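Report on the structure
Residue strings, one per chain:
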Amino acid sequence: TLEYGDTYEGFYDSLCSVLDELARGLEDKEGRRYREQFKDRLRVLAEKAKGIGWGYGDFVCDRVEMLTRG
């Protein structure tokens, strides 16, 4: 944020909605078979999201953990 400034809360809410939609798709019966293909990329996303404001980083880390365990 030092380089670009802070973004408003609605922007982060939109990003959370997109991740949530992807997660729902990967959790349904058909989507489960694709989950393995996304695990590494989701873990990278969670790592990069740590510390980002408006609760976004926490949401991403929690959602990715649910998707990638087991």
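Rules of the game
- Residues numbered from 1 in each chain as written.
- Predicted model: local features only at pLDDT ≥ 70, side-chain atom pairs only at ≥ 80, totals over all residues.
- Heavy atoms only, no water.
- Phe/Tyr/Trp six-rings, centres within 6.5 Å; stacked < 30°, edge-to-face > 60°.
- Buried < 20%, exposed > 50% of the residue type's maximum accessible area, 1.4 Å probe, protein only.
- Axes fitted to C-alpha atoms, helices over the stretch in contact; angles between N-to-C directions.
- Helix = DSSP H or I, 4+ residues; strand = E, 2+ residues; numbered from the N terminus.
- Parallel < 35°, antiparallel > 145°, perpendicular 65-115°, else oblique.
- Left-handed = near helix turned anticlockwise from the far one by under 90°.
- Contact = heavy atoms within 4.5 Å.
- Nonpolar A, V, L, I, M, F, W, Y, C, P; charged D, E, K, R; others polar.

1. Topic: the packing of aromatic side chains
The full count for this structure, using the stated rule, is two aromatic pairs. Taking 5.7 Å as the distance between ring centres and 70 degrees as the angle between the ring planes, the aromatic pair formed by F11 and Y12 counts as edge-to-face. A residue is classified by how much of its surface remains accessible, and F11, at 37% relative accessible area, is partly exposed. Y12 sits in the buried class, given a relative accessible area of 7%. Ring geometry for Y12 and Y56: centres 5.7 Å apart, planes at 40 degrees, overall tilted.

2. A closer look at the packing of helix α2 (residues 35-49) against helix α3 (residues 56-68)
At their nearest, the axes of α2 and α3 sit 9 Å apart, and the two run at 155 degrees to each other. Between α2 and α3, the angle falls in the class roughly antiparallel. The way α2 lies across α3 gives a crossing that is left-handed. Contacts from R35, K39, L42, R43, L45, A46 and A49 of α2 reach α3 at Y56, G57, V60, C61, V64, L67 and T68. Considered class by class, the residues forming the contact of α2 with α3 number nine nonpolar, two polar and three charged.

Function cannot be inferred from these measures alone, as they are strictly geometric.
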